Amino acid sequence: MWCMRRRVSTRSYHKGGSMTKKQLMKDPLNLVITGVGGQGNVMISLIIGNTFVRNGYFVTVGETYGASQRGGPVMSHMRISKETQYSPFIPDGCADIILGMEPVETLRMLGRYGNTHVITIINPRPIYSIDVTGGHAEYPDLDKLVETVKELSYQTWIINATEEAQKMGSPMFANAILIGALIGSGVLPLDKKSVEPVLRETFPKELEANLAAFNKGIKFVRS
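A few points on the structure. Along each chain, residue indices are assigned from 1 in the same order as the chain's sequence is written. For this predicted model, a pLDDT threshold of at least 70 governs which residues receive local features, and a threshold of 80 or more governs which side-chain atom pairs are given and counted, while totals over whole chains, interfaces and linings are taken from all residues. Side-chain metrics rest on all non-hydrogen atoms present in the structure, leaving aside hydrogens and water.

## Here we look at the overall build of the protein chain
Then, in step 1: For the protein chain, the helix and strand inventory stands at eight helices and eight strands.
Then, in step 2: A simple rule labels every residue: compare its accessible area, found with a 1.4 Å probe on the protein chains alone, to the largest value its type can have, and call it buried under 20%, exposed over 50%, or partly exposed in between. Here the protein chain holds 223 residues, and 49% of them are scored as buried.
Then, in step 3: Should any heavy atoms of two residues lie within 4.5 Å, those residues are counted as being in contact. Counted over contacts in the protein chain with a minimum sequence separation of 6, partners at least 24 positions apart contribute 62%.
Then, in step 4: Surface summary for the protein chain: the accessible area is close to 11,200 Å², and the carbon and sulfur share equals 53%. The helix and strand labels rest on DSSP assignments: H or I over at least four residues marks a helix, E over at least two residues marks a strand, and numbering proceeds from the N terminus. For the accessible areas, the method is Shrake-Rupley and the probe is 1.4 Å, while residue cover comes only from the protein chains on display.

Printed below as a string of C-alpha cells:
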C-alpha cells in the first residue's frame, strides 16, 4: 500500500515572525487508538474528535469492536484534516500516531499500520485474555514487547497510565492520563485549553479528578 506523506510545518508564523497556532504535521493526520474492550478506547476517540471539530477540523472516525465485550481488541481510526472529509479507515502502513492502551494490541497495530515515521504512545499494562488467564496461552515477555514497539516506531513515549490512575483511586483515570500524554507530546495541533471544555462536558461528576489525571499525562510526557 502506497501512503502519501505530505508533511507541513507543525507551527506557522505571521510575516513579521510572530508565532500563530500549530498546524497538522500532515494532512490528513492518521491516528490509531487501540486497546481491548472496557478500557475506554471509544471515549478517548470521542474526546479527541470533538476537540478537533470545535477547532475547525474535519474528523472521520472508524471503530472496529471485534469481541470487545469479552476483552477483545478495539480500535479507533481517526482521520483529521483542515481541507476535507476522508474515508474512515486508515490504509495499511499509513498511521502517523498510535495511542496504545494495551501492549500486545499496540504491537499488533504497529505491524499493520506502522511505518518508519510513526509516533507511538503506549500504556505498558497488559490485559490478559481468557486463554492466558486459563493457562491455554502465554502472554509475551513484556520487556521484549515494549522494546519491539520502540524499534518499530520513530518515537515512543511509555506512559504508565494504569499504574498512575490506580494511585489516584481508579484505573478509569488512565484514559484522561493518556489524553494528556497525547496533547502534551505536541504531535497534535491542540493544547490544554482546547481539550478542557470537552473534558468538563464528558466528566461532569468526576471533573476535578479527570482534570488532575489529564494534567498528569501532560507532565509525564514532558518529563
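Additional details are given in the paragraphs that follow.
## Quick word on the sheet that holds strand 5 (residues 73-81)
Then, in step 1: The six strands lie next to each other as 4-5-3-6-7-8, forming an open sheet whose pairing is mixed. Lying at the two open borders of the sheet, with one neighbouring strand each, are strand 4 (58-64) and strand 8 (155-158). Each neighbouring strand pair of the sheet contributes to a mean axis angle of 15°, computed without reference to strand direction.
Then, in step 2: By this definition, two strands are paired if DSSP reports at least two bridges between them. The pairing of strand 4 with strand 5 spans seven bridges and is classified as antiparallel. Considered in strand 5, the bridge of Gly62 is made with His77. In this description, a line fitted to the C-alpha atoms serves as the axis of each element, helices being fitted only across the stretch in contact, and the angle between N-to-C directions of two axes falls anywhere from 0 to 180 degrees.

## Quick look at the packing of helix 1 (residues 41-54) against helix 7 (residues 192-202)
Then, in step 1: Two numbers describe how helix 1 lies on helix 7: the axes approach to 9 Å, and their chain directions differ by 130°. Relative to helix 7, the element helix 1 lies oblique. Classified by chirality, the crossing of helix 7 by helix 1 is right-handed. In this structure, helix 1 uses Met43, Ile47, Asn50, Thr51 and Arg54 to contact helix 7, whose residues at the interface are Ser194, Val195, Pro197, Val198, Leu199, Glu201 and Thr202.
Then, in step 2: Its residues assigned to classes, the contact of helix 1 with helix 7 comprises six nonpolar, four polar and two charged. Here roughly perpendicular refers to angles of 65 to 115 degrees, roughly parallel to angles under 35, roughly antiparallel to angles over 145, and oblique to all remaining angles. Should the near helix be turned anticlockwise from the far one by less than a right angle, the crossing is termed left-handed; should it be turned clockwise, right-handed. Throughout this entry, Asp, Glu, Lys and Arg are counted as charged residues, while Ala, Val, Leu, Ile, Met, Phe, Trp, Tyr, Cys and Pro are counted as nonpolar. The remaining residues, Gly among them, count as polar.

## Here's the deal with the nonpolar core
Then, in step 1: The biggest cluster of nonpolar side chains holds 44 residues, and the ones touching the most others in it are Ile48, Phe52, Ile159, Leu182 and Leu188.
Then, in step 2: No other element matches the eight residues that helix 6 (residues 174-184) contributes to this core.
Then, in step 3: Not counting residues up to four positions away in its chain, the partners in contact with Ile48 are Leu31, Met78, Ile179, Leu182, Ile183 and Leu188.
Then, in step 4: Within the second largest apolar cluster, 14 residues are counted, among which are Met75, Leu110, Leu145 and Val149. Put simply, buried Ala, Val, Leu, Ile, Met, Phe, Trp, Tyr and Cys residues joined by side-chain atoms within 4.5 Å make one nonpolar core.

## Things to note about the environment of Val118
Then, in step 1: Inspection of the secondary structure assignment puts Val118 in the loop between helix 2 (103-113) and strand 7 (119-122).
Then, in step 2: You can call Val118 buried: its relative accessible area is 0%.
Then, in step 3: When the C-alpha positions of Val118 and Tyr154 are compared, they lie 5.4 Å apart, and in sequence the two are 36 residues distant.
Then, in step 4: If sequence neighbours within four positions are ignored, Val118 has contacts with Ala95, Asp96, Ile97, Ile98, Leu110, Leu152, Ser153, Tyr154 and Gln155.

## So, the packing of aromatic side chains
Then, in step 1: Each Phe, Tyr or Trp ring, with Trp reduced to its six-membered ring, pairs with another whose centre is within 6.5 Å; inter-plane angles below 30 degrees give stacked pairs, above 60 give edge-to-face pairs, and intermediate values give tilted ones. In this structure the tally under the stated criterion is two aromatic pairs.
Then, in step 2: Judged by centre distance (5.1 Å) and plane angle (85°), the ring pair of Phe52 and Tyr57 falls under edge-to-face.
Then, in step 3: According to the relative accessible area criterion, Phe52 is buried, its value standing at 0%.
Then, in step 4: Considering the side-chain rings of Tyr128 and Tyr139, the 5.1 Å spacing of their centres and the 90° angle between planes classify their relative orientation as edge-to-face.

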